[in-house]
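Structural overview for review
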Amino acid sequence: MRFSIIQHMPHEGPGHAADWLVAHGHSLTFTKLFDPNPQFPALADFDGLLILGGAMSVHDEENLPWLREEKTFIREVLRAGKITLAICLGAQLVAEALGGEVRPNHAPEIGFWTVRFSGKSLEHPLLRGWPEKAAVLHWHLDTFTMPPGAMRVGMSAGCATQGFVWGDGVIGLQFHPEMTVPMVEQLMADENHEQAEVQEFVQTAEQIRAKLKSVWKGRKLLETLLENLVALHHAEATA
């Protein structure tokens, strides 16, 4: 399967997703929006799209003009029915493209917090094999309303909307199952999180490091999801 990856920031790459996809023989191409003159791929050149996170907002179009192009591309991908996995900022962009609203969450959510997945969403083929709950990494200020026709994936104490599935092959996740331990360390360095004070839904750098083994829970969720996405593609290809 050919995956196209949209990457917004140098240090927020596909992490565990790339590891699993490459190990299972899938090809990866990148659109790196921090490079000069990034080019989005033709729809015929990929089977699945992975949209990653970033520190910017979906509303930063004035300062980041490529956001307009990205939003147009995402709408084209959705109209074409491409399999799509979107994470954090990526999920917010897809939610907006589908008619949801992106706005500030009531509080920042940073650190490893438990997400409880809805029983109904766990019946969806993309989430087959997921547990009822998992402690996963969060790093966001914004959230989104549920797009029309989408199903809520789950919620945490700090954020009511932790993801959605739309149709058979589109899923957005507010949390970060793709991040490896070095990526978490780099994110804390980029965000100067060593100086952060504890808040209701913000863990300190020390607290985050004490929970770093939880990245493996996110990795397991992601690998199961990717297996389901690939199986969906094969089923569609042979139908």
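Preceding this paragraph is the structure being described.
Quick summary incoming for the structure in this document. Treat the numbers as computed from the prediction; the structure is a model and nothing was measured. (Residues numbered from 1 in each chain as written. Predicted model: local features only at pLDDT ≥ 70, side-chain atom pairs only at ≥ 80, totals over all residues. Heavy atoms only, no water.)

Turning next to the overall build of the protein. The secondary structure content of the protein amounts to six helices and 10 strands. Whereas a compact globule of 239 residues would reach a radius of gyration of roughly 18 Å, the protein reaches 17 Å, a difference of no more than 12%. Counting the 239 residues in the protein, one finds 55% classified as buried. A sequence separation of at least 24 residues applies to 73% of the contacts in the protein between residues at least 6 apart. About 10700 Å² of surface is accessible on the protein, with carbon and sulfur atoms providing 51% of the total. (Helix = DSSP H or I, 4+ residues; strand = E, 2+ residues; numbered from the N terminus. Rg over C-alpha atoms; globule rule 2.2 N^0.38 Å. Buried < 20%, exposed > 50% of the residue type's maximum accessible area, 1.4 Å probe, protein only. Contact = heavy atoms within 4.5 Å. Areas by Shrake-Rupley, 256 points an atom, 1.4 Å probe, with all protein chains shown as cover.)

What follows is about the sheet that holds strand β9 (residues 163–166). The sheet built from seven strands is open, its strands ordered β2-β1-β3-β4-β10-β9-β7 with mixed pairing. The sheet is open, and its two borders are formed by β2 (27–32) and β7 (151–152), each paired with just one other strand. In this sheet, β9 lies alongside β7 in antiparallel orientation, the contact comprising two bridges. Bridge pairing links methionine 151 to valine 165 in β9. Contacts between helix α3 (residues 89–97) and the sheet are confined to β3 (48–51), β4 (83–87), β9 and β10 (170–173), with β4 contributing the most and set at about 125 degrees to the helix. Sheet contacts for helix α6 (residues 215–238): β4 and β10; angle to β4, the most-contacted strand, approximately 160 degrees. (Pairing = 2+ DSSP bridges. Axes fitted to C-alpha atoms, helices over the stretch in contact; angles between N-to-C directions.)

Taking strand neighbours across the sheet as the criterion, the three strands line up as β6-β5-β8 in an open arrangement whose pairing is antiparallel. Edge positions in the open sheet fall to β6 (133–144) and β8 (154–156), since each of these has one partner strand only. Ignoring which end each strand starts from, the neighbouring axes of this sheet average 45 degrees apart. The strands touched by α6 are β5 (102–117) and β6; relative to β6, the strand with the most contacts, the crossing angle is about 85 degrees.

Without other data, these values stay purely geometric and don't point to any function.
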